[in-house]
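# Per-entry structural report
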Amino acid sequence: MALPQRRLGAAPAAQQQQPFVQHAARSQPRPLRRRAGPVLASAEAAAAPQQSAQPPAAAAQQQQEQQGQQAALQQSVGVHGARVVVQDMVKHFQTRRGVFKAVNGVDVAMEPGTITALLGPSGSGKTTLLRLVAGLEEPTAGRVLFDGEDVTQYGVQDRDLGFVFQGYALFKHMTVADNITFGPRMRKMNIDLEKRVEELLELTGLQGLGGRYPPQLSGGQRQRVAMARALACNPRLMLLDEPFGALDPIVRKSLRNGLRDIVKRIGVTTVIVTHDQEEAWDIADQVVIFNKGAIEQQGTPQEVGRAPASPFVMNFVGDVNHLPASSQLVRKMNFHTDKPFVMCRPADITVHTSYESPEAAASAAATVHDKQNMGKLVRYYLRFDDGVDIDFSVPRRQDEEQYDLDVGQRVYVSVPPERMMGFDYAEVDGSAVTA
Ligand SMILES: Nc1ncnc2c1ncn2[C@@H]1O[C@H](COP(=O)(O)OP(=O)(O)OP(=O)(O)O)[C@@H](O)[C@H]1O
Ligand SMILES: [Mg+2]
């Protein structure tokens, strides 16, 4: 069994973000944009401060207008997102070494017009599930329902899908417009192709680029064309597998904001596989955490972030400290577990600088062992008297106002016991089982 290469007390380097914290700031779905506009091109503008609150009547009127615009856009683009249900899905592959259980009893529902993000370690079955939903893979058992209709036996062409897969390249020798209309032309759809191209170029912020060839576009623009192409045949479901994987972080951010705006404007049901947790937490209405072909937890990003259902999810999502269950901090917090190790999030740690307060008296004493500037965060490594280290990260502003600790300084650390979780390394190991 491969154990994660992580020293006790250290948070995983690959998980320096705390996506659920970021997402918590957006507790309500983002409102639909008021004017139809090039959403992808203006995605960065969406991050600008919101305008002041409106009186209720104006807000109601605006909502009505938005709904009317969404209906008009849906009618013109022709998209109606399906309610997609996956029931008890199983996929076993026959391999040289025996049967490999890639997907092992998955149940999930995707509501119309929502974004579901599939997350999980490499080899956990995310792409296989997407391919099963698409009809590109035949299930060993289980069903796929679109609006209650069993489509399990339907071929991929009969499921009304849009794909944006990495490596599912654009046709290099066709213009952007011809790439977009390729699907409708193959299907001999009775639509005004020119109008469809204009609508989709506008929707994806690519106005004026219909005559270009893919090599004349940036990587981000090509992925926008891929999205426009995916939407050209009025899909009921759009499937994206690591669509922005190869792009730089700023372009990724702009594209994912644009994707969310498009989905909310036209109401297509959307499933996205991503390795980028921040991306998932930023755009998804629902996140599904995979491990070894099964779902460990599904829920809103807030639910999964605040209340991880298992040690695997707690460890996989966001930063964690690992401590021996017998360590000073765990004992001082009166946390009891029959597991050998305990996890807690750096964000749940409270540090007192003086022993005077009653809270500090119930804390475990530690020494500031190291301090690192991590951009917007300051990260401290605190060492308890039993030699166990933990990370404690604070936003720079808060650090300046409240902490500004020195290396060697004595501090008093507490963590609410209800925020601790006992675990065994076998439970958090996400490496794929082989046949
Ligand atoms: N045709 C196949 N035959 C045998 N095994 C397969 C086949 N397709 C996929 N698998 C195995 O099924 C498991 C799940 O694969 P899948 O591609 O769904 O993982 P994933 O979660 O998408 O991983 P990644 O994040 O690396 O893309 C892997 O161990 C993979 O090797
Ligand atoms: Mg994959």
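Analysis parameters
Residues numbered from 1 in each chain as written. Chains lettered and ligands numbered in written order. Predicted model: local features only at pLDDT ≥ 70, side-chain atom pairs only at ≥ 80, totals over all residues. Helix = DSSP H or I, 4+ residues; strand = E, 2+ residues; numbered from the N terminus. Buried ≥ 20, exposed ≤ 12 C-beta atoms within 10 Å, placed from the backbone. Contact = placed C-beta atoms within 7 Å. pLDDT = per-residue confidence, 0-100. Near = placed C-beta within 6 Å. Nonpolar A, V, L, I, M, F, W, Y, C, P; charged D, E, K, R; others polar. Pairing = 2+ DSSP bridges. Axes fitted to C-alpha atoms, helices over the stretch in contact; angles between N-to-C directions. Right-handed = clockwise from strand over helix to strand, strands pointing away. Parallel < 35°, antiparallel > 145°, perpendicular 65-115°, else oblique. Left-handed = near helix turned anticlockwise from the far one by under 90°. Core = buried A, V, L, I, M, F, W, Y, C linked by C-beta atoms within 7 Å. Expected span 1.5 Å × (residues − 1).

Per an unreviewed UniProt entry, the recorded name for the chain is ABC transporter domain-containing protein, and the organism is Chlorella ohadii.

## A look at the overall build of the chain
Scanning the chain for helices and strands turns up 14 helices and 18 strands. Across the 435 residues that make up the chain, the buried fraction comes to 40%. When contacts within the chain are restricted to residue pairs at least 6 apart in sequence, those whose partners lie at least 24 apart make up 71%.

## Re the confidence of the model for the chain
Per-residue confidence for the chain gives a mean pLDDT of 83; residues scoring 70 or more make up 81%. For the chain, the element scoring lowest by mean pLDDT is helix H1 (residues 19-24), at 30; strand E4 (residues 141-146) scores highest, at 98. Considering only residues more than four positions removed or in separate chains, one finds that residues 1-53, a stretch of pLDDT under 50, has 94 contacts.

## Things to note about the site of ligand 1
Close contacts around ligand 1 come from 13 residues, with Phe-93, Ala-102, Ser-122, Thr-127 and Thr-128 the closest. Mapped onto the shell around ligand 1, the elements with two or more residues apiece are strand E1 (84-95), strand E2 (98-110) and helix H3 (126-134). With three residues, the single largest contributor to the shell around ligand 1 is H3. Classifying every residue of the shell around ligand 1 gives four nonpolar, eight polar and one charged.

## With respect to the sheet that holds strand E17 (residues 410-414)
Overall, antiparallel pairing links the five strands, which are arranged E13-E17-E14-E15-E16 in an open sheet. Here the strands that pair on one side only, and so sit at the sheet edges, are strand E13 (350-352) and strand E16 (389-395). The average angle at which neighbouring strand axes cross in this sheet is 45 degrees, direction not considered. Two elements, strand E14 (residues 364-374) and strand E15 (residues 377-384), share eight bridges in a ladder whose sense is antiparallel. Bridged to Met-374 within E15 is Leu-377. Most of the contacts of helix H13 (residues 396-403) go to E16, to which it runs at about 100 degrees, and overall it touches E13, E15 and E16.

## Describing the pairing of strand E8 (residues 269-273)
Of all five residues making up E8, five are buried, and the element is well covered by its neighbours. Of the two faces of E8, the one lined by Thr-269, Val-271 and Val-273 and the one lined by Thr-270 and Ile-272 are each fully buried. Both strand E3 (residues 115-119) and E8 contribute to a ladder of four bridges, which runs parallel. Pairing of Leu-118 across the sheet is with Val-273, part of E8. Read as a crossover between parallel neighbours, the route from strand E7 (residues 237-241) over helix H7 (residues 249-266) to E8 is right-handed.

## Considering unusual backbone geometry
Of note in the backbone geometry, Glu-242 takes a positive phi value of approximately 45 degrees without being a glycine. Mapped onto the secondary structure, Glu-242 falls in the loop between E7 and H7. In this structure Glu-242 comes out as partly exposed when scored by C-beta crowding, with 18 C-beta atoms within 10 Å.

## Focus on the packing of helix H6 (residues 219-231) against H7
Interaxial distance between H6 and H7 falls to 10 Å at its minimum, and their mutual angle equals 20 degrees. The pairing of H6 with H7 is recorded here as roughly parallel in orientation. For the pair H6 and H7, the sense of crossing is right-handed. Across the interface between the two elements, Gly-219, Gly-220, Gln-223 and Met-227 from H6 touch Val-251, Ser-254, Leu-255, Leu-259 and Ile-262 from H7. Of the residues in the contact of H6 with H7, the class split is five nonpolar, four polar and no charged.

## Points about the nonpolar core
Ranked by internal contacts, the top residues of the largest apolar core, which has 97 residues, are Val-133, Ala-228, Leu-239 and Ile-289. For this core, the element with the most residues is H6, which contributes six residues.

## Structural notes on H6
The terminal C-alpha atoms of H6 lie 19 Å apart, and with 13 residues this matches the ideal 18 Å at 1.5 Å per residue to within 8%. Within the sequence span of H6, burial applies to Gln-221, Gln-223, Arg-224, Val-225, Ala-226, Met-227, Ala-228, Arg-229, Ala-230 and Leu-231.

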